[in-house]
Amino acid sequence: MGIQVLAVDDSRTMRDMLRLALTGAGIETHLAEDGVHGLEVLEEIDRPDAIITDINMPRMDGFGFIEAVRAREETRTIPILVLSTESAAELKARAREGGATGWIVKPFDPEKLVKALNMVTG
Amino acid sequence: MSDPMAEIRASFFIECEELLESLQDSLELMDSGEADDETVNVMFRAVHSIKGGAGAFGLDELVAFAHKFETVMDMVRNGDLTPDHELVKLFFVCGDKLSDLVRQARDGEEYDPTQYADTLAKLDALIGEDESDEEEIDFQPAALSLELGGEGEGTAPGLPDLPGLPPLGGDDGADADAAAASQEPVLHIRFTPETALYASGNEPLYLFRAVRDLGDLTVRCIEDKLPPLEALDPEKAFLSWELTLLSGEGEAAVREAFDFVDGLCELTVTEQTAAGGDSQPDPVETAAPSTGSPDKSGADTSAELPTPAAPSGTRAAPIDTAEPAEKPAAPPADKKAGKPQAKSAGSKSTGAKKSAAATPRATVRVDLDRIDRLVNLVGEIVINQAMLSQSVEEAGLPPNSPVRTGLDEFLQLTRDIQESVMMIRAQPVKSLFQRMARIVREASAAVGKEVRLITEGENTEIDKTVIERLADPLTHMIRNAVDHGLESAEERLAVGKCAEGIITLNASHRSGRVVIEISDDGAGINRERVHQIAIDKGLIDPDLQLSDSDIDNLLFLPGFSTASEVSNLSGRGVGMDVVRSAIQALGGRISIASTAGKGTTFSISLPLTLAVLDGMIVRVAGETLVVPLNVIQETLALGPDDIRPFGPDTHVVNIRNTFVPLLDLGAELGYREPLVDYANSVILLIAQDDGERAAVVVDSIEDQRQVVIKGLQDSYGHVPGIAAATILGDGQIALILDPLDLISEASGCTRPQSSSELTAG
Amino acid sequence: MTEELNETAAPVEVEEKELLSFLVSGQDYSVDIMSVREIRSGASATSLPHSPDYVRGVINLRGTVLPIIDLAKRLGMEADLDESRNVIIVVAVEDRTFGLMVDAVSDILSIPEHEMQTPPEMRADVEHNFVSALTIVKDRMIRVLDLNAVMPPSREEAA
């Protein structure tokens, strides 16, 4: 579908799965292993059409990452989907407050993930 | 491995190993009281990642266990629980169980709930009833759910669940059904975003596109709230939209499309049949909780709606043409404006594009087979080079000719490549040591001793295969150390030691080999008792005078076991003799040192790699053989007086006044009859770790060089006296001797007349 | 890989088996062509100590150690004395690869499945254990070898 996505997750397995699911749908996929790395990758690549991020990560967690993305002029409007095993309401509320666009509970269904991406990127 | 999911699954289990390792590290920090806040975070994340991956592969038991474990760790993280000694102990057990579950899942073994019941019960007790119930629901093979605001499993306070409303409200149901058969129902949607909707990266246009996927859509923008330009705050939301959708998908589908923005907008969805425009049911409203005064605009909305009766006629603004109208009004979500900004942000952006896969850290995971293929190929180069050197030499080129010097450099390079390639297979011994930590925990619990394991040199690297094959012998030695090496707490206290016994596991590089030491601070070997047992079991001659080290080495004799009754720990019919053969099979040596009252140390010395070997090339009966250099103590030529007849079929060799049995290699391998006369033969003096020696007769020594080891085991099977094969410079295969196997299997026959016994070995 | 392809590619009217036939001490034998990796001329083998007499030894096959079975000896027949004419058929069974030393390779045959006969039970012949099927081509009886049986017995105690 010709879009570019940055996926941030500290689990290699999850990154592998995301890459498989996304590239399989024709989405150009960039991967990062935590928030700090995610911000570094954002510096390097063209503005992605969407970001997928985990919450529990070392160095900089998902909340910090979302806030940092939203705080940067050039990235603040990028849709961000949270992909987490957590589904507690207060965590979701916190993510939304920070500026998350959507929340997807792991384990994810690749088809629905792509659908969600479609939805937030057009 | 062409199935990508299978590959990911395989790599998930590799990741699990790493995560379990970091969990173990953190637990050890915690146990030693050196933990900080990050330690518990690291533990939590390790278990969390395992859970996440396990969920993706439907490994429910693993998910359930990891979740409970994680929940308790979260309680520690939040300060609800204090990680005291007992809790850390439980965590260690959890870590062990988790690694069992991972292994079971990987190997497809049956899940045995009884193995985990105890541990789960302990975790449950800590978690308390409510939480453990809640999580059951949470982690049902959780299908995907897309949500923000958390109405998910009904856990969100104050947020309405999406009602599973029938397509039509109230008593119009029957009409609707009838109408649906002939014509699609019409849905009226009123959508008023809040500013927060834009701030969260959502974009009305995309939402509309998602709605359009459901059916025929007409969109109208309502701009009446839009202030004059000079008063316009571009960051604020002023617009709302009316959408008319012709679709049989129903209201729920529409609401699903707006799922992400639930709570960030006002949304009303009303449904009517195209035919029955007369019945306008009450709008169903999902009021945003943050909106203090929901705008009850439902009535106005319906009033402003275009007549939905004739769909094709009223397509006033199909969504595509509506685009320009929305664009300026949807302030921050402008992709096209964002792009150039991002580009200008860094000059490296274009160049960095090729790092698209942005792989974290500079590591690559490679199939072991590929590495082995590479190791083999480099081995081929070494062999080919030897052949080339030979031809160049035969061609009579002078030693300092460009070809010869070039070839020498090439040779050096190849050696470097070979070494580098070998290093790819090397791994730190850490994972092995961690497995031993578990053995210590279990073994000490089984015999009721307090034992602390200290590991040193965990980052020492050694060939992966060596690590794998060390696990069993090390396990046995650790159990031995706990069971026999260390005294009971009372005994320890009585001699003024700390009640807690200490076992030290140390790895280090020493002159091109890896040395692993297993030490305990126990009572040391009871030599009197060992000696007596060996005599009682008829293993040695009672009159034999033995040095301390001789007695210590009795432990390696087959059939020796110090425990008066076979203990359920170190027993199992495995003795130190088996440990020793396992070590020797790896090209290693094992030795023992013990001080009364202070403890015992076993040292294992291993080659860095199993792929190459320094060997001596010898000729016997027309065959070329390779003898590992590390077992050859010396080479000598015998004079006639050095050989003495021993038994009717055997000889011994006098080497500086000690007598060593003579072995005729050609005869032992069945290549030929024993020789009539061994005078002037070439002898390799081969020494075993226990000090036992043998003088092995060969016809001649050809060369001394490094050879690439080619396994025979896989292609053919075990050949007595032979460890492996290699390929020589001329392309011929030469067998590599296993001198220790040869000695233990040897007939020792060195006289031609009794040749019938030769092949008996 | 090739096996898979072949199985799926055959849209079958007649199930056919492809065999590589060869001569051992003047007799016709064959193996399923799917297990054949290559055919090469004989090379001088390095003998293995304590091995059965039908194990000729090992040769270097492009860097791997390939055990060679003298098929004539294995089948209890007279070995051809002129070894220079020998041919080695490299076969793979499960995860093991080894070479069969034969007199000469004859042909590649396509035999319809229904023309394959089960060999008669003849306990007097050692050989019978090694033959999994029989077929007749141009009046010549071709024996299909059971490669699993031909291999030296067990991995561990080969001696």
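Residues numbered from 1 in each chain as written. Chains lettered and ligands numbered in written order. Predicted model: local features only at pLDDT ≥ 70, side-chain atom pairs only at ≥ 80, totals over all residues. Heavy atoms only, no water.

1. Regarding the overall build of chain A
- Looking only at helices and strands, one finds five helices and five strands in chain A.
- Element order for chain A, N to C, with α for helix and β for strand: β-α-β-α-β-α-β-α-β-α.
- The buried share of chain A, taken over its 122 residues, is 71%.
- Considering only residue pairs separated by 6 or more positions, chain A has 63% of its internal contacts joining residues 24 or more positions apart. (Helix = DSSP H or I, 4+ residues; strand = E, 2+ residues; numbered from the N terminus. Buried < 20%, exposed > 50% of the residue type's maximum accessible area, 1.4 Å probe, protein only. Contact = heavy atoms within 4.5 Å.)

2. Some points on the nonpolar core
- Within the largest apolar cluster, 64 residues are counted, with the highest numbers of intra-cluster contacts made by Ile-52 and Phe-108 of chain A together with Leu-23, Phe-69, Phe-91 and Leu-98 of chain B.
- Of all the elements, helix H4 (residues 85–107) of chain B adds the most residues to this core, at 10 residues.
- If we ignore the near neighbours within four places in the chain, the residues touching Leu-98 of chain B are Leu-20, Leu-23, Val-47, Ile-50, Leu-62, Phe-65, Ala-66 and Phe-69 of chain B.
- One finds Leu-625, Val-719 and Ile-727 of chain B together with Met-151 of chain C within the second-largest nonpolar core, a separate group that totals 58 residues. (Core = buried A, V, L, I, M, F, W, Y, C linked by side-chain atoms within 4.5 Å.)

3. Looking at the environment of Pro-193 of chain B
Residue and element names in this part refer to chain B.
- Topologically, Pro-193 is positioned in strand E1 (residues 185–193).
- Overall, the relative accessible area of 4% leaves Pro-193 in the buried class.
- Separated by 43 residues in the primary sequence, Pro-193 and Lys-236 have C-alpha atoms spaced 9.9 Å apart.

4. Concerning the sheet that holds strand E6 (residues 87–93) of chain C
All names here are of chain C.
- Taken in spatial order, the five strands make up an open sheet running E3-E6-E7-E5-E4, and their pairing is mixed. The two strands at the open ends of the sheet, each matched to only one other strand, are strand E3 (36–41) and strand E4 (55–61). Averaged over all pairs of adjacent strands, the angle between their axes in this sheet comes to 30 degrees, without regard to strand direction.
- Here E3 runs beside E6; their pairing, made up of five bridges, is antiparallel. Bridge pairing in E6 places Val-36 opposite Val-91. (Pairing = 2+ DSSP bridges. Axes fitted to C-alpha atoms, helices over the stretch in contact; angles between N-to-C directions.)

5. Some points on the environment of Gly-64 of chain A
Residue and element names in this part refer to chain A.
- Within the secondary structure, Gly-64 sits in helix H3 (residues 62–71).
- For Gly-64, a relative accessible area of 24% translates into the label partly exposed.
- Between the alpha carbons of Gly-64 and Val-36 there is a distance of 9.1 Å; along the sequence they are 28 residues apart.

6. Examining the interface of chain B and chain C
- Listed per partner, the contact involves 23 residues of chain B and 24 residues of chain C.
- At the boundary of chain B with chain C, total buried surface from both sides reaches about 2100 Å², with 56% on carbon and sulfur atoms.
- Of all residues in chain B, the largest losses of buried area upon contact with chain C belong to Ser-715, Tyr-716 and Ile-733 of chain B, amounting jointly to 35% of the total for that side.
- Joining chain B to chain C, the criterion identifies five residue pairs in polar contact (both at pLDDT 80 or more).
- Each residue belonging to the side of chain B that touches chain C can be placed in one class, and the counts come to 11 nonpolar, seven polar and five charged. (Buried area = accessible area lost by both parts, 1.4 Å probe. Polar contact = N/O pair within 3.5 Å; in protein donor to acceptor, adjacent residues only side chain to side chain. Nonpolar A, V, L, I, M, F, W, Y, C, P; charged D, E, K, R; others polar.)

7. Quick notes on helix H5 (residues 114–127) of chain B
All names here are of chain B.
- The end-to-end C-alpha distance of H5 is 20 Å, a good match for the 20 Å that 14 residues give at a rise of 1.5 Å each.
- Regarding H5, the residues found buried are Tyr-116, Thr-119, Leu-120, Leu-123 and Ile-127.
- Gly-128 lies just past H5 and shows a positive phi near 90 degrees. (Expected span 1.5 Å × (residues − 1).)

8. As for H3 of chain A
- Along H3 of chain A, seven of the 10 residues are buried, which leaves the element largely enclosed by surrounding structure.
- Along H3 of chain A, the residues classified as buried are Gly-62, Phe-63, Phe-65, Ile-66, Ala-68, Val-69 and Arg-70 of chain A.
- If you follow the buried residues of H3 of chain A, they end up packed against strand E1 (4–8), helix H2 (35–44), strand E3 (50–53), strand E4 (80–84) and helix H4 (89–98) of chain A together with helix H8 (195–199) of chain B.

9. Re the packing of aromatic side chains
- For the structure on display, the rule yields nine aromatic pairs over all chains.
- Residues Phe-69 of chain B and Phe-91 of chain B carry aromatic rings whose centres are separated by 5.5 Å and whose planes lie at 55 degrees to one another, so their mutual orientation is tilted. In this pair, Phe-69 of chain B is assigned in helix H3 (residues 60–77) and Phe-91 of chain B in helix H4, connecting sequence segments 22 residues apart.
- The exposure class of Phe-69 of chain B is buried, given its relative accessible area of 0%.
- On the basis of an interplanar angle of 65 degrees and a centroid distance of 5.4 Å, the ring pair of Phe-208 of chain B and Trp-241 of chain B is categorised as edge-to-face. Linking Phe-208 of chain B in helix H9 (residues 204–212) with Trp-241 of chain B in strand E3 (residues 240–246), this pair joins segments that are 33 residues apart in sequence. Trp-241 of chain B shares its class with Phe-208 of chain B; the two are buried.
- Here a set of aromatic residues connected by ring pairs shows up, and it is made of Phe-12, Phe-13 and Phe-57 of chain B.
- The positively charged end of Arg-94 of chain A is found above the aromatic ring belonging to Phe-63 of chain A, 3.9 Å away from the centroid.
- When the ring centre of Phe-44 of chain B is taken as origin, the NZ or CZ atom of Arg-77 of chain B, which lies over that ring, is 3.7 Å away. (Phe/Tyr/Trp six-rings, centres within 6.5 Å; stacked < 30°, edge-to-face > 60°. Lys NZ or Arg CZ within 6 Å of the ring centre and 35° of its normal.)

10. Comments concerning a negative patch on the surface
- Residues Asp-3, Glu-7, Asp-367 and Asp-369 of chain B make up a contiguous surface patch of negative charge.
- In this fold, Asp-369 of chain B is placed in helix H15 (residues 368–394). (Patch = residues over 30% accessible without salt bridge, like charges linked within 9 Å, V, L, I, M, F, W, Y side chains within 5 Å. Areas by Shrake-Rupley, 256 points an atom, 1.4 Å probe, with all protein chains shown as cover. Salt bridge = Lys/Arg side-chain N within 4 Å of Asp/Glu carboxyl O. Lys, Arg positive; Asp, Glu negative; His and termini not counted. Charge placed at Lys NZ, Arg CZ, Asp CG, Glu CD.)

11. Some details on a nonpolar patch on the surface
- Together, Ile-381, Phe-410 and Leu-413 of chain B make up a nonpolar patch on the protein surface, roughly 280 Å² of accessible area in all.
- When its relative accessible area of 40% is taken as the criterion, Phe-410 of chain B is described as partly exposed.

12. Here's the deal with the sheet that holds strand E10 (residues 513–520) of chain B
All names here are of chain B.
- The strand order E7-E9-E10-E12-E11 describes an open sheet built from five strands, whose pairing is mixed. A strand with exactly one partner marks an edge of an open sheet, and here the two such strands are strand E7 (451–456) and strand E11 (589–595). Across the sheet, the axes of successive neighbouring strands diverge by a mean angle of 15 degrees, strand direction being ignored.
- Alignment of E7 against strand E9 (residues 501–510), held across six bridges, turns out to be parallel.

13. Thoughts on the confidence of the model for chain B
Residue and element names in this part refer to chain B.
- Confidence along chain B averages 74 in pLDDT terms, with 76% of residues attaining 70 or more.
- pLDDT under 50 marks residues 131–182. Its contacts with residues more than four places away, or in other chains, come to 83 contacts.
- Every residue in residues 754–761 scores below 50 in pLDDT, and together they form 11 contacts with partners more than four places removed in sequence or on other chains.
- Taken over the whole predicted complex, pTM reads 0.50, whereas the ipTM for its chain interfaces reads 0.80. (pLDDT = per-residue confidence, 0-100.)

14. What about the pattern of salt bridges?
Residue and element names in this part refer to chain B.
- Taken as a whole and judged by the stated rule, the model has 34 salt bridges over all chains.
- Between Glu-500 and Arg-452 there is a salt bridge whose closest N-O contact spans 3.3 Å. Taken together, the residues Glu-500 in the loop between helix H19 (489–494) and E9 and Arg-452 in strand E7 connect sequence positions 48 residues apart.
- Classification of Glu-500 as partly exposed rests on a relative accessible area of 24%.
- Asp-552 is the partner of Arg-527 in a salt bridge, and the nearest nitrogen-oxygen pair spans 2.8 Å. Here Arg-527, found in helix H20 (residues 527–536), pairs with Asp-552, found in helix H21 (residues 548–553); they are 25 residues apart in sequence, far enough to count as distant.

15. With respect to the side chain of Asp-552 of chain B
- Residue Asp-552 of chain B is classed as buried on the basis of its relative accessible area, which comes to 3%.
- With residues up to four places along the chain from it excluded, the contact list for Asp-552 of chain B reads Ile-525, Arg-527, Ile-592 and Ser-594 of chain B.

16. Re unusual backbone geometry
Residues and elements named next belong to chain C.
- Even without glycine at this site, Ser-25 takes up a positive phi of about 50 degrees.
- Tracing the backbone through its elements, the reader meets Ser-25 in the loop between strand E1 (16–24) and strand E2 (27–32).
- For His-50, which is not glycine, the phi dihedral falls at a positive 55 degrees.
- Of note, His-50 is situated in the loop between E3 and E4.

17. A short note on the packing of H3 of chain A against H4 of chain A
Residues and elements named next belong to chain A.
- Here H3 crosses H4 at 20 degrees, and the two axes come no closer than 9 Å. Here H3 lies roughly parallel to H4, going by the angle between them. As for how H3 packs across H4, the hand of that crossing is right-handed. Residue-level contacts link Phe-63, Ile-66, Glu-67 and Arg-70 of H3 to Leu-91, Arg-94, Ala-95 and Gly-98 of H4.
- Classifying every residue of the contact of H3 with H4 by side-chain character gives four nonpolar, one polar and three charged. (Parallel < 35°, antiparallel > 145°, perpendicular 65-115°, else oblique. Left-handed = near helix turned anticlockwise from the far one by under 90°.)

18. Details of the packing of helix H17 (residues 430–447) of chain B against helix H18 (residues 464–485) of chain B
All names here are of chain B.
- Running from N to C, H17 and H18 point in directions that differ by 30 degrees, and their axes come no closer than 9 Å. The pairing of H17 with H18 is recorded here as roughly parallel in orientation. Read as a crossing pair, H17 and H18 show a hand that is right-handed. Contact with H17, carried on its side by Ser-431, Leu-432, Arg-435, Met-436, Ile-439, Val-440, Ala-443, Ser-444 and Val-447, involves Ile-467, Leu-470, Ala-471, Leu-474, Thr-475, Ile-478, Arg-479, Val-482 and Asp-483 of H18 and no other residues of that element.

19. Brief notes about the environment of Leu-486 of chain B
Residues and elements named next belong to chain B.
- Take Leu-486: it is sitting in the loop between H18 and H19.
- With relative accessibility at 3%, the residue Leu-486 sits in the buried group.
- Taking the C-alpha atoms as reference, Leu-486 lies 7.9 Å from Gly-599; in sequence the two are 113 residues apart.
- Once residues lying within four places of it in the same chain are set aside, the contact partners of Leu-486 are Lys-449, Val-451, Ala-481, Arg-492, Gly-501, Ile-502, Ile-503, Asp-520, Asp-521 and Gly-522.

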